[in-house]
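Structural description and commentary
The chain contents come next:
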Amino acid sequence: MRPDGQQMHVAVAVRFRKVMIKPIKRYGAYRGGGTLRLERSGLGVTGKHVRSLAIRWVIGLGLFAVCLALTGGRLAPGFIPLYFLLEYGLLEEGNRHIPWTNVTRFASQPSKQRVAIEISSSEKNENPLVFSCDQSQEVLQALRTFAPGREVS
């Protein structure tokens, strides 16, 4: 609820980024376009995030071995193409709902219209949410309303 008694609901199209916003010292886990809904019950996130580190290693080593086997050892993919494939290409659907009690802190970078939201989650590949959007001030206002006292600078 807003202070004037009306229900607040913000839904914005966002661009998830792999950047770090201090003092949340982790890179964003989601990539590319998505949607963020800030509702009375919590955050609704629609987008794609990286797979777990172990899965990325298994896929990378598997692709490396398959290339070596298919070419008789004459061709092996480099680290950089595998990195970009696993970090930006083979993403996992990350559509979920996060209650406000799970939002531990949030920070912003107003000059670039970026916001970072850290949540309490055991999955490192889903945390934090770092994004940019044209309505970053509206998102911050909703975060301040629904998660008071959790903004860090």
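Each remark here, short or long, concerns the structure printed above.
Residues numbered from 1 in each chain as written. Predicted model: local features only at pLDDT ≥ 70, side-chain atom pairs only at ≥ 80, totals over all residues. Heavy atoms only, no water.

Quick look at the pairing of strand β1 (residues 10–16) now. With burial as the criterion, only one face of β1 is covered, namely that bearing V10, V12, V14 and F16; the residues A11, A13 and R15 on the opposite face remain uncovered. Inspection of the sheet shows β1 paired to strand β2 (residues 30–39) by 7 bridges, in the antiparallel sense. In the sheet register, V10 faces β2, and the bridge partner there is L38. Relative to strand β8 (residues 129–132), β1 runs antiparallel, the two sharing 2 bridges. Across the sheet, the residue bridging to R15 is S132, located in β8. (Buried < 20%, exposed > 50% of the residue type's maximum accessible area, 1.4 Å probe, protein only. Helix = DSSP H or I, 4+ residues; strand = E, 2+ residues; numbered from the N terminus. Pairing = 2+ DSSP bridges.)

As for its placement among the helices and strands, Y83 is situated in helix α2 (residues 79–89). Y83 sits in the partly exposed class, given a relative accessible area of 30%. Between the C-alpha atoms of Y83 and W57, which are 26 residues apart in sequence, the distance is 9.9 Å.

The geometry of an aromatic ring pair is captured by the separation of the ring centres together with the interplanar angle, meaning the angle of the planes. All told, the structure shown has 6 aromatic pairs when counted by the stated rule. Consider the rings of W100 and F146, whose centres lie 4.9 Å apart with planes at 20 degrees: the pair is stacked. Residue W100 is found in the loop between β5 (96–99) and β6 (103–109), and its partner F146 is found in helix α3 (residues 136–146); the two are separated by 46 residues along the sequence. The buried category is assigned to W100, whose relative accessible area is 8%. Pairwise contacts between aromatic rings join F79, Y83, F84 and Y88 into one cluster. Stacked on the ring of Y27, the Lys or Arg K18 has its end atom at 5.9 Å from the ring centre. Here R31 stacks its cationic end above the ring of Y88, 5.5 Å away from the centre of that ring. (Phe/Tyr/Trp six-rings, centres within 6.5 Å; stacked < 30°, edge-to-face > 60°. Lys NZ or Arg CZ within 6 Å of the ring centre and 35° of its normal.)

Cis peptide bonds are those with omega within 30 degrees of zero, and the linkage from K22 to P23 qualifies with 10 degrees. Its identity is not glycine, yet Q113 carries a phi of approximately 55 degrees, on the positive side. Tracing the chain through its elements places Q113 in the loop between β6 and β7 (114–119). Looking at Q113, the relative accessible area reads 33%, which means it is partly exposed.

What you see with β8 is no split at all: L129 and F131 on one side and V130 and S132 on the other are buried throughout. Across 4 bridges, β7 lies against β8 in antiparallel orientation. Looking across to β8, one finds that V115 is bridged to F131.

Moving on to the nonpolar core. Core analysis: the largest hydrophobic core is formed by 26 residues, its most contacted members being L36, L38, L43, I117, F131 and L143. Elements with a contribution of two residues or more to this core: β1, β2, β3 (42–49), β6, β7, β8 and α3. Core analysis: the second largest hydrophobic core is formed by 6 residues, V19, I21, A107 and A116 among them. (Core = buried A, V, L, I, M, F, W, Y, C linked by side-chain atoms within 4.5 Å.)

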